[in-house]
Amino acid sequence: MFSKNGDGHSSGHKPGLQSWSLVGRLTLLVTLSTVGILLVATLYLFTSMGRNLDRENDEYLANEINLLRTILIRDTDNSETLREEVEWEGLAQTHLRYYARILDDQGNILLETPNMNEILPVKIFPSPVAVSQDPREGTRWKNGDRDSFLLESAWAQDSSRRMHLIQVAMDINRERMTLIHIRQSMTAVLVVGILFSIGICFIITRKGMQPLSDITEAIQKISAEQLHERIGPSPWPRELKTLAEAFDRMLDRLEDSFEKLSRFSADIAHELRTPVNSLMGTAEVALGKERTPEEYRQVIESSLEEYGRLARMIESLLFLARAENREIRIEKSWIEVHREMEKIREFYDALAEESGVEIICKGEARTFVEPVLFQRAVSNLIANALQYTPQGGSITLQTGQLPDQSVKVVVSDTGCGIPAEHQSRIFDRLYRIDPSRSPKQYGTGLGLAIVISIMELHGGSVTVSSEAGKGSVFTLIFPPVS
Amino acid sequence: MRILVVEDDKRTSAYLRKGLEENGFIVDIAENGEDGLHFALTEAYDLILLDVMLPQKDGWAIIEEIRRNNNDTPVIFLTARDEVLDRIKGLDLGADDYLVKPFAFSELMARIRTIMRRAPVRQSDTYRIADLEIDIAGHKAARGGMPLDLTAKEFLLLELLARRKGEVLSKTHISDQVWGIHFDSDSNPVEVAIRRLRKKVDEPFGVNLIHTVRGVGYVLEER
């Protein structure tokens with residue numbers, strides 16, 4: 001239940017579309033658009049079909065009126081043609097029933113289709129159009145609730161200029177029924193189509209989303225214990241490929257840090273175990289039998305030295321941890337780099353002289369740094385260089401302003417150099433090129449890690465280049481003051 | 001000289017009592033904040049050593065209360081917390097110094113002495129220890145009448161040891177005072193410098209004046 005925190009249900013407010021499953025979301029959206037398109041299409045088809053039918057009917061009626069008008073004007077006496085047209089035309093049509101009636105200007109019926117008077121009395125017809133006018137669209141009329149008719153009437157003149165009233169009508173029941181029928185089947189098609197599209201869409205999206213479930217499954221397999229697992233290069237779709245690669249790269253980094261961290265913990269334990277063990281042993285042995293005060297003194301003195309080393313190591317570890325969490329606030333000030341270098345050179349001078357190594361300072365620069373940390377970084381590099389530079393060698397401290405106003409401090413030695421395979425790791429905490437070298441002799445093993453931390457705190461960098469047998473060059477870059 | 005130690009860790013307070021008493025102080029111990037405050041306000045002390053993390057009432061509260069009572073007994077904080085902000089807070093509240101555990105006892109003694117002699121120290125121009133003579137103004141040193149040939153830094157080192165005669169100086173303190181190196185390095189260089197100074201000051205004359213206190217530091221005295 002708690003693991004579902006992210007799905008929005010537990011957060012109290014109504015789940016929006018965002019919290020739907022992708023399949024649900026896609027199905028809904030695609031279905032909505034399909035329904036929309038189908039609806040618009042069928043509506044359009046339906047209305048245009050109805051309109052076409054209406055127009056055909058109107059045209060038929062208008063043609064009939066024009067025909068009757070023509071017969072009337074040509075030949076009044078030839079009433080046989082007229083009668084035929086009026087009384088029989090309607091019967092001749094099989095699928096639409098047509099009615100016609102001709103009245104004189106007094107309203108007396110001259111001719112009409114048989115039975116017309118019973119179904120369509122004279123007075124239901126719309127007011128007629130003038131002789132000179134073309135017929136309009138027909139008027140609909142419903143006989144109670146049984147049959148529908150389309151009506152039209154028009155004035156006409158015969159050859160002797162007598163006025164006649166033409167009334168025509170057609171039965172449009174069948175068409176109405178056809179339209180209703182079409183509407184029903186279209187609705188059915190629509191409903192079935194929508195249902196189908198929902199189903200198909202659901203299946204398609206589910207299928208399309210399958211790689212997403214696969215990738216989730218692959219990711220779920222990776223736990224802290226199995227950090228070496230990877231999503232892998234299995235043929236993912238293009239969109240997921242980038243994700244998979246980014247995820248794998250992140251895992252690489254994580255695994256690396258994880259490994260470093262656990263190795264570091266193990267190393268710390270080891271580094272602490274050795275001195276604590278020797279302290280315990282020394283004390284135990286000392287107390288094993290009666291000894292002279294001088295012997296006790298020696299035990300205490302050597303212990304004290306060991307304690308001091310432990311205390312310094314704790315301080316260094318704390319410093320690194322804080323620097324990593326950016327908990328160290330540094331207060332920078334301007335320093336003359338060459339003066340500081342000179343100070344440090346003097347500090348190490350006696351020691352260097354004893355081991356037959358010369359320390360040389362070159363260059364001038366000014367930079368804005370935390371002075372104590374600057375000293376610490378440079379000193380650590382010199383202390384490191386002194387360990388690896390044999391008698392007769394030299395260590396050169398060189399500083400200078402770079403064109404972009406950053407300041408570089410280069411510490412180079414003529415020592416044994418760092419084998420290439422170790423170069424990337426010498427800045428790791430407690431990393432030693434030769435693990436057999438006792439830490440007592442060579443500091444805490446944290447010196448270079450501290451250098452990196454200090455440079456990061458300053459937004460600067462440290463790089464190393466080295467050639468076996470020729471020496472190493474450490475370059476510190478302090479960024480320009482912004 | 002009376003010192004109040006407010007510290008809840010029994011081992012720590014025990015060794016502080018021992019060390020301070022051997023250095024001639026009278027020591028009272030309070031094991032919790034309430035007692036500490038009570039002692040501080042009712043008795044007269046020359047100095048208070050105050051732990052920060054204490055049961056009942058922490059060090060910050062105690063010093064605030066003490067200062068509110070217009071009591072300006074010097075206070076040194078002893079604490080395992082060394083965030084810069086804590087330091088600043090301690091000093092803001094009116095502490096005179098701030099020492100982070102683990103610290104060297106010699107360092108504590110040095111700080112106590114510094115506070116005790118806040119009154120300007122009489123800087124003498126010449127120091128004399130046994131047959132060693134140091135002329136600060138003339139930048140000269142001689143032993144048994146024989147002038148010593150010292151480098152500038154060696155002279156500074158000897159002067160420091162002479163000025164603090166009988167006091168054990170830690171390597172960190174020495175590198176700070178002589179070379180202006182302000183962080184706690186592994187400090188091999190100091191060892192070498194002392195060794196070289198000895199070669200000139202002690203070796204030719206048979207009687208050693210510069211002594212090593214292993215694991216602590218160096219002291220100049222006639223033994």
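Residues numbered from 1 in each chain as written. Chains lettered and ligands numbered in written order. Predicted model: local features only at pLDDT ≥ 70, side-chain atom pairs only at ≥ 80, totals over all residues. Heavy atoms only, no water.

Engineer: What's the story with the overall build of chain A in this structure? I'm lost.
Structural biologist: Counting its secondary structure elements, chain A contains 10 helices and 12 strands. Counting all 482 residues of chain A, 37% fall into the buried class. Of the roughly 28,300 Å² of accessible surface on chain A, 56% is carried by carbon and sulfur atoms. (Helix = DSSP H or I, 4+ residues; strand = E, 2+ residues; numbered from the N terminus. Buried < 20%, exposed > 50% of the residue type's maximum accessible area, 1.4 Å probe, protein only. Areas by Shrake-Rupley, 256 points an atom, 1.4 Å probe, with all protein chains shown as cover.)

Engineer: Would you take a moment to explain the overall build of chain B for this structure?
Structural biologist: Each helix and strand in chain B was counted, giving 8 helices and 11 strands. Taken over 223 residues, chain B has a buried fraction of 47%. In chain B, the share of contacts with a sequence separation of at least 24, taken over all contacts with a separation of at least 6, comes to 56%. For chain B, the exposed surface amounts to about 11,000 Å²; the carbon and sulfur share of it is 48%. (Contact = heavy atoms within 4.5 Å.)

Engineer: Teacher, can you tell me more about the pairing of strand β9 (residues 394-401) of chain A here?
Structural biologist: If a strand is regular, its side chains alternate between the two faces of the sheet. Residue and element names in this part refer to chain A. For β9, a buried count of 6 out of 8 residues is recorded, marking the element as mostly surrounded by other parts of the structure. With 5 bridges connecting them, strand β7 (residues 358-362) and β9 associate as parallel partners. Considered in β9, the bridge of K362 is made with Q398. In terms of strand pairing, β9 meets strand β10 (residues 407-413) through 7 bridges, oriented antiparallel. The residue bridging Q398 from the neighbouring strand is V410, located in β10. Hairpin connection between β9 and β10: a loop of 5 residues separates the two successive antiparallel strands, and Q405 in this loop has a positive phi of roughly 75°. (Pairing = 2+ DSSP bridges.)

Engineer: Any chance you could explain the packing of helix α2 (residues 33-42) of chain B against helix α3 (residues 59-68) of chain B here in plain terms?
Structural biologist: The description of two packed helices rests on the angle between their axes and on the distance between the axes. All names here are of chain B. Their axes nearest at 10 Å, the elements α2 and α3 cross at an angle of 20°. When the axes of α2 and α3 are compared, the pair comes out roughly parallel. Seen from above, α2 lies across α3 with right-handed handedness. Counted together, G33, L37, A40 and L41 of α2 and I62, E65 and I66 of α3 form the full contact between these two elements. When the residues that make up the contact of α2 with α3 are grouped by side-chain class, the tally is 5 nonpolar, 1 polar and 1 charged. (Axes fitted to C-alpha atoms, helices over the stretch in contact; angles between N-to-C directions. Parallel < 35°, antiparallel > 145°, perpendicular 65-115°, else oblique. Left-handed = near helix turned anticlockwise from the far one by under 90°. Nonpolar A, V, L, I, M, F, W, Y, C, P; charged D, E, K, R; others polar.)

Engineer: Which parts of the structure should I look at to understand the side chain of N57 of chain A?
Structural biologist: Looking at where N57 of chain A falls in the secondary structure, it is placed in helix α1 (residues 22-74). Discounting chain neighbours no more than four positions away, the residues touching N57 of chain A are L150, M170, I172 and E175 of chain A.

Engineer: How should the interface of chain A and chain B be read in this particular structure?
Structural biologist: How big an interface is tends to be stated in terms of accessible area lost as the parts join. Contacts between chain A and chain B engage 24 residues on the former and 25 residues on the latter. Both sides of the chain A and chain B interface together cover about 2,500 Å² of buried area, and 57% of this is carbon and sulfur. It is R312, F347 and E354 of chain A that lose the most area in chain A upon contact with chain B, and together they represent 27% of the buried surface on that side. Residue E354 of chain A pairs with R195 of chain B through a salt bridge whose shortest N-O separation is 2.6 Å. Taken together, chain A and chain B are joined by 7 residue pairs in polar contact (both at pLDDT 80 or more). When contributions to the side of chain A that touches chain B are tallied by element, the ones reaching two or more residues are α6 (293-324), α7 (337-354) and α8 (371-388) of chain A. Counting residues per element, the side of chain A that touches chain B draws most heavily on α7 of chain A, at 9 residues. Here the side of chain A that touches chain B is composed, by residue class, of 8 nonpolar, 6 polar and 10 charged. (Buried area = accessible area lost by both parts, 1.4 Å probe. Salt bridge = Lys/Arg side-chain N within 4 Å of Asp/Glu carboxyl O. Polar contact = N/O pair within 3.5 Å; in protein donor to acceptor, adjacent residues only side chain to side chain.)

Engineer: What exactly am I supposed to notice about the sheet that holds strand β5 (residues 163-171) of chain A here?
Structural biologist: Residue and element names in this part refer to chain A. Sheet architecture is open: 5 strands sit in the order β2-β1-β5-β4-β3, paired in antiparallel fashion. Every other strand in the sheet has two partners, leaving β2 (109-112) and β3 (139-143) as the edge strands with one partner each. With strand direction ignored, the average angle separating the axes of adjacent strands in the sheet is 25°. Of the strand pairs in this sheet, strand β1 (residues 98-104) and β5 are connected by 7 bridges, and their pairing is antiparallel. When the bridges of β5 are listed, R101 appears paired with Q167. Packed on one face of the sheet, α1 meets β1, β3, β4 (147-157) and β5 and runs near 30° to β4. Docked against the sheet, helix α4 (residues 173-220) engages β3, β4 and β5, running at close to 135° with respect to β4.

Engineer: Help me understand the nonpolar core, please; the structure alone is not making it clear to me.
Structural biologist: One broad rule of soluble globular proteins: the nonpolar side chains tend to lie buried together. Core analysis: the largest hydrophobic core is formed by 80 residues, its most contacted members being L476 of chain A together with I134 and I174 of chain B. Excluding residues within four positions of it along the chain, L476 of chain A makes contact with A377, V378, L381, V407, K408, V409, V451, M455, S461 and V462 of chain A. (Core = buried A, V, L, I, M, F, W, Y, C linked by side-chain atoms within 4.5 Å.)

Engineer: Looking at this structure, how should I read the sheet that holds strand β11 (residues 461-467) of chain A?
Structural biologist: As a general point, the strands of a sheet are linked pairwise by backbone hydrogen bonds and lie either parallel or antiparallel. Residue and element names in this part refer to chain A. The 5 strands are arranged β7-β9-β10-β12-β11 in an open sheet whose pairing can be described as mixed. Of all the strands in the sheet, just β7 and β11 have a single pairing partner and so form its edges. Recorded for the sheet is a direction-independent mean angle of 15° between the axes of neighbouring strands. The strands touched by α7 are β7, β9 and β10; relative to β7, the strand with the most contacts, the crossing angle is about 175°.

Engineer: What should I look at first to understand the packing of aromatic side chains in this one?
Structural biologist: Any pair of aromatic rings gets described here by the distance separating the centres and the angle formed by the planes. Counted according to the given criterion, the structure contains 11 aromatic pairs over all chains. Measuring from ring centre to ring centre gives 5.2 Å for F347 of chain A and Y348 of chain A, while their planes differ by 80°; the resulting arrangement is edge-to-face. You'll find F347 of chain A and Y348 of chain A in the same group, each marked buried. Plain terms: the ring middles of F77 of chain B and Y98 of chain B are 6.0 Å apart, the flat faces sit at 50° to each other, and that makes the pair tilted. With F77 of chain B in strand β4 (residues 75-79) and Y98 of chain B in strand β5 (residues 97-100), this pair connects stretches of sequence that are 21 residues apart. One aromatic cluster is present, formed by Y99, W141 and F149 of chain A through successive ring pairs. (Phe/Tyr/Trp six-rings, centres within 6.5 Å; stacked < 30°, edge-to-face > 60°.)

Engineer: Looking at this structure, I do not really get the environment of E327 of chain A. What am I missing?
Structural biologist: Residues and elements named next belong to chain A. Mapping E327 onto the fold places it in the loop between α6 and β6 (333-336). Among the residues examined, E327 registers a relative accessible area of 47% and is labelled partly exposed. For the pair E327 and L457, spaced 130 residues apart in sequence, the C-alpha to C-alpha distance is 9.9 Å.

Engineer: Help me out: how do you make sense of the pairing of strand β3 (residues 47-51) of chain B in this one?
Structural biologist: All names here are of chain B. For β3, the tally of buried residues reaches 5 of 5 residues, placing the bulk of the element in the interior. Here 4 bridges tie strand β1 (residues 2-6) to β3, and the two strands are oriented parallel to one another. By the bridge assignment, I3 is partnered in β3 with L47. In the classification by handedness, the crossover that spans β3, the intervening α3 and the parallel β4 is right-handed. (Right-handed = clockwise from strand over helix to strand, strands pointing away.)

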